[in-house]
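For reference, the chains in residue letters:
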Amino acid sequence: MAIDYASGDPLQTTAHVLYFGMNAQGRIETGNLETALFTRYPAAFAAFSRQCRADQIRAGQIWYWHDAQPALGFMVIRESPFGATRLRYVESVLLSLARDYQRDGVTSAAIVLPRSDSEEIKQMIERWLGKVALPVTVYE
């Protein structure tokens with residue numbers, strides 16, 4: 001299935017799940033999207049943070065919050081809020097999404113690209129999600 005690239009406000013997406021980058025410490029990040037999501041869904045961030053502190057979530061995993069519209073997909077792509085986005089964690093997340101989206105009940109995805117390494121991440125998205133039947137929109 002084709003991957004669509006879009007600009008604009010990812011909060012206006014009609015996708016089933018909105019995926020965005022987070023850190024394995026569960027600390028709130030300071031980007032505009034994260035701040036807006038935290039304001040709208042504080043319970044999601046509190047639950048995510050508790051799971052991280054309990055060592056239930058590690059870098060390279062996806063954690064879902066389904067009590068939101070769209071559902072939230074926390075892509076754990078950094079070890080700390082001050083650390084760099086690791087491409088190996090991004091690839092692990094994308095592989096998991098491509099492999100498990102049907103099991104997880106994901107019908108469409110909107111992915112917000114991290115600020116850094118976007119060209120390499122786009123190539124990974126094409127490699128892992130370009131051949132699956134999941135409709136994907138990537139926000140740059």
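Residues numbered from 1 in each chain as written. Predicted model: local features only at pLDDT ≥ 70, side-chain atom pairs only at ≥ 80, totals over all residues. Heavy atoms only, no water.

Chemist: What exactly am I supposed to notice about the layout of surface pockets here?
Modeler: Where empty space is left becomes clear once a probe the size of a water molecule has been rolled over the atoms. Of the volumes computed, that of the largest pocket is approximately 530 Å³. Of all the elements in the fold, those that place two or more residues in the lining of the largest pocket are β2 (17–23), α1 (32–40) and β4 (71–78). The dominant element in the lining of the largest pocket, judged by the number of residues it contributes, is α1, at three residues. Its residues assigned to classes, the lining of the largest pocket comprises 11 nonpolar, eight polar and six charged. (1 Å grid on protein atoms, 1.4 Å probe; cavity = no way out; pocket = protein on both sides within 12 Å on 5 of 7 lines; lining within 4 Å. Points joined across faces, edges and corners; volume = space filled by probe spheres on them. Helix = DSSP H or I, 4+ residues; strand = E, 2+ residues; numbered from the N terminus. Nonpolar A, V, L, I, M, F, W, Y, C, P; charged D, E, K, R; others polar.)

Chemist: Explanation requested: the pattern of salt bridges in the structure shown.
Modeler: In a structure, side chains of opposite charge can pair up when their charged atoms sit close to one another. Considering all chains together, one arrives at seven salt bridges under this definition. Glu119 is the salt-bridge partner of Lys122, the closest N and O atoms lying 3.4 Å from each other. One end of the pair is Lys122 and the other is Glu119, both in helix α4 (residues 118–129) and three residues apart, which spans about a single turn. Residue Glu140 is joined to Lys122 by a salt bridge in which the shortest nitrogen-to-oxygen separation is 2.4 Å. With Glu140 in the segment after β6 (136–139) and Lys122 in helix α4, this pair connects stretches of sequence that are 18 residues apart. Here Glu140 falls in the exposed class, since its relative accessible area comes to 54%. When salt bridges with common partners are traced through the structure, they connect Arg99, Asp100, Arg103 and Asp104 into a single cluster. (Salt bridge = Lys/Arg side-chain N within 4 Å of Asp/Glu carboxyl O. Buried < 20%, exposed > 50% of the residue type's maximum accessible area, 1.4 Å probe, protein only.)

Chemist: So what exactly am I meant to see when it comes to the nonpolar core here?
Modeler: In summary, soluble globular proteins display a tendency toward joint burial of nonpolar side chains. In this structure, Tyr19, Leu97, Ile111, Ile125, Leu129, Leu134 and Val136 are the most contacted members of the largest nonpolar core, which totals 27 residues. Ranked by the residues each element gives to this core, the list is headed by helix α3 (residues 87–100), at six residues. Ignoring any residue separated from it by four or fewer positions in sequence, one finds Ile111 in contact with Tyr19, Met75, Leu94, Leu97, Leu129, Val136, Thr137, Val138 and Tyr139. Judged by nonpolar contacts, the second largest core, of 24 residues, contains Ala15, Leu18, Ala24 and Tyr41. (Core = buried A, V, L, I, M, F, W, Y, C linked by side-chain atoms within 4.5 Å. Contact = heavy atoms within 4.5 Å.)

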